[in-house]
Amino acid sequence: MIPYGRQCVDEDDVAAVAEVLRGDWLTAGPAVRSFEDAVAERVDARFAVAFSSGTAGLHGAAAAAGLGPGDLVATPSLTFVASANCARYVGADVVFVDVEESTMNLDPALVPDTADALVAVHFAGLPLDLSRLERRPRVVIEDAAHALGAVGPLGPIGNCAASDMCVFSFHPVKPVTSAEGGIVTTNSPELAERLRRFRNHGMHGAGESVEEPWAYRIDETAMNYRLSDLHAALGRSQLSKLDRFTRRREQVARRYDEALAGAAVRTPPRAPGGQVHSRHLYPVRVLDRRRVYEELRAAGIGVQVHYVPVHHQPLYADVLSAPLPVTEAVYDGLLSLPLHPTLTDADQDRVVRALSATTAGSPQVESERRR
Ligand SMILES: *Cc1c(COP(=O)(O)O)cnc(C)c1O
């Protein structure tokens, strides 16, 4: 099966991890700090705080922002469930926002005025322009799990130019991997401190007490969300390849654009000039998705659907949102084609041939507006 996404790990990544195993620190040591510093520098943020996963980072961001019961958190429904779950982890409520058909990103004009916070996703790695928000909620968190390496109209995604915090994931299918891992960037020293506390049981103030020099202080129910040095060493090593990976992903995407130009397949948007799309996914839209999915899978092509809208999940059945007609229409035909730095031209040609054959004769997906 040609997978829709996969990691690209070389011998120098292996060596970086092995070196940590031979040293003194296995967790939360110098490799974590080096990974954090490298990500902060790369995305032009003042602080970066590593977590054990992107999901843990989203939880940390929601907690550090002070979100809790009574707060309303807006997020798209066309995303991975963690974008919404981070609100629920801290007891906040979720409201879903419809997407724009041309970008598959949330429509900034539809963020309700009642929202206390926004978890904004850069879907597939296409930068969402946060300066288009008509009213900025009290808290803005970017879910940039897809978007390390992307550059939007306000600079590198992660610089928090129009947000409080930005969360990256280093899961194996993401732009670079640490196996499991996440990083939250911010320009606020207070938020950075709260994030660091939250990932380490809420512990702080070690050695500050004269009477009890061994003591530390805890005043919140926090977590162990620390990243290990093994994971951080892999992530740091991978980060040095990000530009090469992003270029290769863009090349594969352009090759799909050209090869599918005549097919009954709607190809995903490109980034506007001067911006960079990180091309985490290549989500096309087809008619009769169920049949296309099954035929491609039977042909050994691991297409996937990103995502079943979160509001379709039983867990979110109780959420009251305005109707999400564009999310429904986009989801109807959505299919992610294989896209990763190690995909060969020959495998890509197989995908194109199989997709062209199964969709031959069917009409193009129409725009929602024209229905
Ligand atoms: C992958 C992903 C996450 C979660 O990241 P993990 O590191 O797997 O926990 C969150 N949001 C989105 C949009 C993702 O794609």
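Here the residue index of a chain counts from 1 through its sequence in written order. Where local features are concerned, this predicted model is filtered to residues with pLDDT of at least 70; where side-chain atom pairs are given and counted, the filter is 80 or more; whole-chain, interface and lining totals use all residues. Where side-chain values are given, they derive from all heavy atoms of the structure, hydrogens and water being excluded.

Brief notes about the site of the ligand
Note the following rule: Distances are taken per atom, and a residue is near a molecule or strand as soon as one of its heavy atoms is within 4 Å of it. Polar contacts here mean pairs of N or O atoms no more than 3.5 Å apart (in protein, one a potential hydrogen donor and the other a potential acceptor; neighbouring residues in sequence count only if both atoms are side-chain atoms). Per-residue accessibility takes into account occlusion by the displayed protein chains alone, with areas from the Shrake-Rupley method and a 1.4 Å probe. Secondary structure follows DSSP: runs of H or I at least 4 residues long count as helices, runs of E at least 2 residues long count as strands, and numbering of each begins at the N terminus. Under the grouping applied here, Gly and all other residues not named as nonpolar or charged are polar, the nonpolar ones being Ala, Val, Leu, Ile, Met, Phe, Trp, Tyr, Cys and Pro and the charged ones Asp, Glu, Lys and Arg.
Around the ligand lies a shell of 16 residues, among which Gly54, Thr55, Asp143, Ser169 and Lys174 are the nearest. The separation between an oxygen atom of the ligand and a polar main-chain atom of Gly54 is 2.8 Å. Within the contact set of the ligand, an oxygen atom lies 3.0 Å away from a side-chain nitrogen or oxygen of Lys174. Protein chains shield 92% of the accessible area of the ligand, which is 380 Å² for the free molecule. Those elements giving two or more residues to the shell around the ligand turn out to be α3 (54-64) and α4 (82-89). At three residues, α3 tops the list of elements feeding residues into the shell around the ligand. A class-by-class count of the residues in the shell around the ligand yields five nonpolar, nine polar and two charged.

Thoughts on the pairing of strand β9 (residues 182-186)
Short version of the rule: The rule is simple: take the accessible area with a 1.4 Å probe, protein chains only, and divide by the maximum for that residue type; under 20% is buried, over 50% is exposed, in between is partly exposed. In this description, strands pair whenever DSSP reports at least two bridges between them.
Most of β9 is tucked away, with five of its five residues classed as buried. Burial of β9 is two-sided: the residues Gly182, Val184 and Thr186 facing one way and the residues Ile183 and Thr185 facing the other way are all buried. When strand β1 (residues 47-51) meets β9, the two strands line up antiparallel, connected through five bridges. By the bridge assignment for β9, Ala50 is matched with Ile183. Note that strand β8 (residues 165-169) and β9 share four bridges and pair antiparallel. Within β9, the position partnered with Ser169 by the bridge is Gly182.

Description of the pattern of salt bridges
Once their charged atoms are close, side chains differing in charge can pair, the charge on each being opposite to the other. The cut-off we apply is this: Salt bridges are identified by distance alone: a Lys or Arg side-chain nitrogen within 4 Å of an Asp or Glu carboxyl oxygen.
Applying the stated criterion across every chain, the model contains 24 salt bridges. Among the salt bridges present, the one from Arg266 reaches Glu101, with a minimum N-O distance of 3.8 Å. Here the residue Arg266 occupies a position in the loop between α7 (242-259) and β12 (282-285), and Glu101 occupies one in the loop between β3 (93-97) and β4 (117-121), the gap between them amounting to 165 residues. For Arg266, a relative accessible area of 22% gives the class partly exposed. Here Asp345 makes a salt bridge to Arg255, at a shortest N to O gap of 3.8 Å. Of this pair, Asp345 sits in helix α10 (residues 345-359) while Arg255 sits in helix α7, placing them 90 residues apart in sequence. Several salt bridges converge on common partners, so that one network encompasses Asp10, Asp12, Asp13, Lys241 and Arg244.

Considerations on the side chain of Asp143
Stated formally: Working convention for charge: Lys and Arg count positive, Asp and Glu count negative, and His plus the chain ends are omitted. Any two residues having at least one pair of non-hydrogen atoms within 4.5 Å are treated as being in contact.
Mapped onto the secondary structure, Asp143 falls in strand β5 (residues 139-143). Although Asp143 is buried, it forms no salt bridge, and the closest oppositely charged side chain is Lys174 at an N-O distance of 6.8 Å. Ignoring any residue separated from it by four or fewer positions in sequence, one finds Asp143 in contact with Leu58, Ser83, Val119, Ala120, Val121, His122 and Val167.

Quick look at the nonpolar core
Stated formally: Here the nonpolar core consists of buried residues drawn from Ala, Val, Leu, Ile, Met, Phe, Trp, Tyr and Cys, with membership extended through side-chain atoms lying within 4.5 Å.
If you look at the biggest cluster of nonpolar residues, it comprises 36 residues, and the most contacted ones within it are Leu67, Phe96, Ile141 and Met165. Of all the secondary-structure elements, those providing two or more residues to this core are β1, α3, α4, β3, β4, β5, β8 and α5 (189-199). Broken down by element, the residue count for this core peaks at five residues, all from α3. Every residue in contact with Phe96, bar those within four places of it in the chain, is listed here: Thr75, Pro76, Ser77, Ala84, Val310, His311, Tyr316, Val319, Ser321 and Leu324. If you look at the next biggest cluster of nonpolar residues, it comprises 29 residues, including Ala38, Ala48, Ala50 and Leu239.

Keep in mind these values describe shape, not function.
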